[in-house]
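One-letter residues, chain by chain:
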Amino acid sequence: FLETAAYFCMKPKMGEKEVSPHSFFSIWHEFSSDFKDFWKKENKLILQERVKEAEEVCRQKKGKSLYNIRPKHDSGIVSENCSNT
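In what follows, the accompanying structure is described. Being a predicted model, the structure only gives us computed values, none of them experimental.

With that settled, the discussion passes to the pattern of salt bridges. Taken as a whole and judged by the stated rule, the model has two salt bridges. Taking the shortest distance from any N to any O, the salt bridge between R59 and E56 comes out at 2.9 Å. Of the two residues, R59 and E56 are both situated in helix α2 (residues 21-63); the distance of three residues between them amounts to about one turn of the helix. In the salt-bridge network here, residues are joined through shared partners; they are E55, E56 and R59.

Shown next as structure tokens:
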């Protein structure tokens, strides 16, 4: 624990000889809570942007027809029999 506190340059509070776990983890808890909240907000924004992009791609694909529709021409046996009568 003391090595970790030294790594993060934690110094003991006034009147204490060493960094206490309570003081270290209270600061760490605040940091991790804030980081988690920002992480969730950022992920939500990224997801919204991706949904908008996907919707735009779908709108563009719906606007373009992937196939051509041609009018039906009378041909074959049925059309020959109908035209002769």
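Next comes the rest of the account.
Moving on, we come to the packing of aromatic side chains. By the definition in use, this model includes ten aromatic pairs. Taken together, a centroid distance of 5.0 Å and an interplanar angle of 85° make the contact between F24 and F25 edge-to-face. Judged by its relative accessible area of 44%, F25 is partly exposed. Ring plane angle 25° and centroid distance 6.1 Å describe the contact between F35 and W39, whose orientation is recorded as stacked. Of this pair, F35 and W39 both sit in helix α2, four residues apart, which is roughly one turn of that helix. The partly exposed category is assigned to F35, whose relative accessible area is 47%. The exposed category is assigned to W39, whose relative accessible area is 51%. Each residue in the set F1, Y7, F8, F24, F25, W28, F31, F35 and W39 is aromatic and connected to the rest through ring pairs, giving one cluster.

Thresholds applied
- Residues numbered from 1 in each chain as written.
- Predicted model: local features only at pLDDT ≥ 70, side-chain atom pairs only at ≥ 80, totals over all residues.
- Heavy atoms only, no water.
- Salt bridge = Lys/Arg side-chain N within 4 Å of Asp/Glu carboxyl O.
- Helix = DSSP H or I, 4+ residues; strand = E, 2+ residues; numbered from the N terminus.
- Phe/Tyr/Trp six-rings, centres within 6.5 Å; stacked < 30°, edge-to-face > 60°.
- Buried < 20%, exposed > 50% of the residue type's maximum accessible area, 1.4 Å probe, protein only.

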